[in-house]
Every structure is written in C-alpha cells, then in structure tokens.
Amino acid sequence: MSLPVEVVEGVKTGKVILFVGSRFAMEAADEANLAYPEAKDLAKELGWKKPKVAIGAKAKHVIPSVEEGCAAYEAANGRQALIAKLKELTNPACKPSVALKTAAERFPLVFTTCADELLEAAARENGIPLDVLDRGDKIPDPDPARRTLVRLRGRFSQPESLLLTPADFQSHQLGPDARKQLRTLIRNNVVFFVGYRVDEEEFERLFTELSDAYGGELPRCHLACSQGPIDDFLWQKWVWRGLLLFLSDPGEAMNELGARL
C-alpha cells in the first residue's frame, strides 16, 4: 500500500479534507477485542428484509440497507429504542485507536459520518483543541493552526441530531449555504476518504450528497478502501465517478502517512 503523493503533499500544506467512516470505530473495537457488526449484519439485526422477487422474475443482488433497517426498527419499537440499539451495537467502549489519534493530529478539517465520539476522545487524549460543528453549521476553511470536526449525521450524545433513516436524510437536506461551502472546499483542497467500503450504503450516501452539493461529478478524490479485492464492476463504477481507490484499512493508511511525513 502506498499513499498517493497528492495526499501526502496536501497534508504537508494543510490542504486535505478528511472524511472518516465507520471502519475507524470498527478497527478500534477490534483492537479492544470488542464486537462491531459489518453493515450488512447490522441492517439485518435492525430488521431489514430482502425485497421479495415476483415469480418468474430474475433475482437481483441487493445490498442490505442500514437506513431501511433503522426505519423498520423505529417503526416497530420507537425512536428511543432505535438509538439505544444502535448505541449498543456501534458505539464501542474502547480507547481511540492510533489511526484516530493521527486523524485528529494531522488534519485541520475532518468530516465524519459516524455517530460515536472516538475522534473527540482522540483529540482530548492528545491535548488537541477541537471545534465540533453540526450538519448545516458554517464550515471554516482548513487552518493548519486549528482542528475542526464536522458531524454530518449527528452524535449519540445529542440524539436529536442523529440522521438514521431515509426519512431523516430527506428532511435534513443541506441548504444552499452549506452546499456552497462544500463546493468551495472540494474545489480548493484534496479530498481523502478513509474508513469506507465502496459496496456499502454509508459511502454511497456520502458521495452522492457531496456530488449533489458540488453540482456534478466530484474532481479527483482519493479513497483508502477498507475491504478485500474489488470486483471489476465496482472498480470501474467508481473510477468513472472520479474516485481514485487503493486498498487500505484506516490503521494502515494513517501509519503510512506518519511514515511519509
């Protein structure tokens, strides 16, 4: 695994925007010997059901949807029960990993799609002042002297801020000002995704939302993809959308970054 030169040089000048996915928390849980479900297992645990296929119709490959699973669990048990269940399954009671500490230390501006607060804990442990913003807040330009975390989907400590179901995202779409800020940030910085899989809903939702904010396909972006070999269909799909992929878990990517710097 070798980090793209564009990312390394961008980090040196404070011109990289980091997007952090749930694989950071999964890796931290693994290091502490704690369970953290794969997205497909989480969706099924919450109540996602594979769509029925009409008699005679050809079955299609369907990726289990965590968002639809959340909607099903909420309909059956209520919102508070849903949040409690997600917190039980995806909020590991562990120390921040080295990868999380590196993310907090090296990147002036970080966006996260996670609901856990391991990044905040990593900053505290390293004595790093961290400004935490919520979805829709005014986003500052990256400042090498400061650290800012933008929470795109809320956090467990503020349950009312969580975006979990398709209806949540539909009713909390980014406004014109937030979209304009994202467009400017993407145009003027290197975009680096870490802790995602390209075959999971979490990344598809994020990439689509950023593309909509940008007003078209994003410029070249880099993804440290946390999965095994990617089949040709997925590889070509994302390359055509402007994404430059390489296979790497968060720990591997952050360790390589530390070595290169």
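Every value quoted in this text rests on a predicted model; they were computed, and no experiment measured them.

### Quick look at the packing of helix 3 (residues 39-46) against helix 5 (residues 79-90)
With their axes 12 Å apart at the nearest point, helix 3 and helix 5 run at an angle of 150° to one another. Here the hand of the crossing between helix 3 and helix 5 comes out right-handed. Contact residues: helix 3 offers Leu42, Glu45 and Leu46, while helix 5 offers Leu82, Lys85, Leu86, Leu89 and Thr90.

### Regarding the environment of Leu3
Locating Leu3 in the fold gives a position in the segment before helix 1 (5-12). Given a relative accessible area of 3%, Leu3 falls into the buried group. For the pair formed by Leu3 and Leu130, sequence separation is 127 residues and the distance between their alpha carbons is 26 Å. Sequence-distant contacts of Leu3, that is, excluding residues within four places in its chain, are made with Val8, Phe192, Phe246, Ala253, Glu256, Leu257 and Arg260.

### Let's talk about unusual backbone geometry
Here the phi dihedral of Asn33 falls at roughly 60°; this positive angle occurs in a residue that is not glycine. Tracing the chain through its elements places Asn33 in the loop between helix 2 (23-31) and helix 3.

### Focus: the nonpolar core
Counting 35 residues, the largest nonpolar core has Leu18, Phe107, Phe192, Val194 and Met254 as the members making the most contacts within it. Where this core is concerned, the elements lending two or more residues are helix 1, strand 1 (16-20), helix 2, helix 6 (98-106), helix 7 (118-125), strand 5 (190-196) and helix 12 (250-260). No other element matches helix 2, which puts five residues into this core. Discounting chain neighbours no more than four positions away, the residues touching Met254 are Phe24, Ala99, Thr102, Ala103, Phe107, Phe192 and Val194. In this structure, Leu185, Ile186, Phe207 and Cys221 belong to the second largest nonpolar core, which totals 31 residues.

### Here we look at the environment of Val239
Topologically, Val239 is positioned in helix 11 (residues 232-240). Considering only alpha carbons, one finds Val239 and Cys221, 18 residues apart in sequence, at a separation of 9.7 Å.

### A look at the sheet that holds strand 2 (residues 109-112)
One open sheet holds the seven strands; their spatial order is 3-4-2-1-5-6-7, and the pairing between them is parallel. Each edge of the open sheet is held by one strand with a lone partner, namely strand 3 (131-134) and strand 7 (243-247). When the angles between neighbouring strand axes are averaged without regard to direction, this sheet yields 20°. Two strands pair when backbone bridges link them, and strand 1 and strand 5 are joined in this way by five bridges, in the parallel orientation. Directly across from Phe19, in strand 5, lies its bridge partner Phe193. The strands that helix 10 (residues 201-214) touches are strand 1, strand 5, strand 6 (221-225) and strand 7; relative to strand 5, the one it contacts most, it runs at about 160°. In the packing of helix 12 onto the sheet, the strands contacted are strand 5 and strand 6, and the crossing angle to strand 5 comes to about 140°.

### A look at the environment of Phe169
Here Phe169 lies in helix 8 (residues 166-171). Along the sequence, Phe169 and Gly216 sit 47 residues apart, while their C-alpha atoms lie 20 Å from each other. For Phe169, the residues in contact, after removing those within four places along its chain, are Glu67, Arg153, Leu163, Leu164 and Arg205.

Thresholds, definitions, all that
Residues numbered from 1 in each chain as written. Predicted model: local features only at pLDDT ≥ 70, side-chain atom pairs only at ≥ 80, totals over all residues. Heavy atoms only, no water. Axes fitted to C-alpha atoms, helices over the stretch in contact; angles between N-to-C directions. Helix = DSSP H or I, 4+ residues; strand = E, 2+ residues; numbered from the N terminus. Left-handed = near helix turned anticlockwise from the far one by under 90°. Contact = heavy atoms within 4.5 Å. Buried < 20%, exposed > 50% of the residue type's maximum accessible area, 1.4 Å probe, protein only. Core = buried A, V, L, I, M, F, W, Y, C linked by side-chain atoms within 4.5 Å. Pairing = 2+ DSSP bridges.

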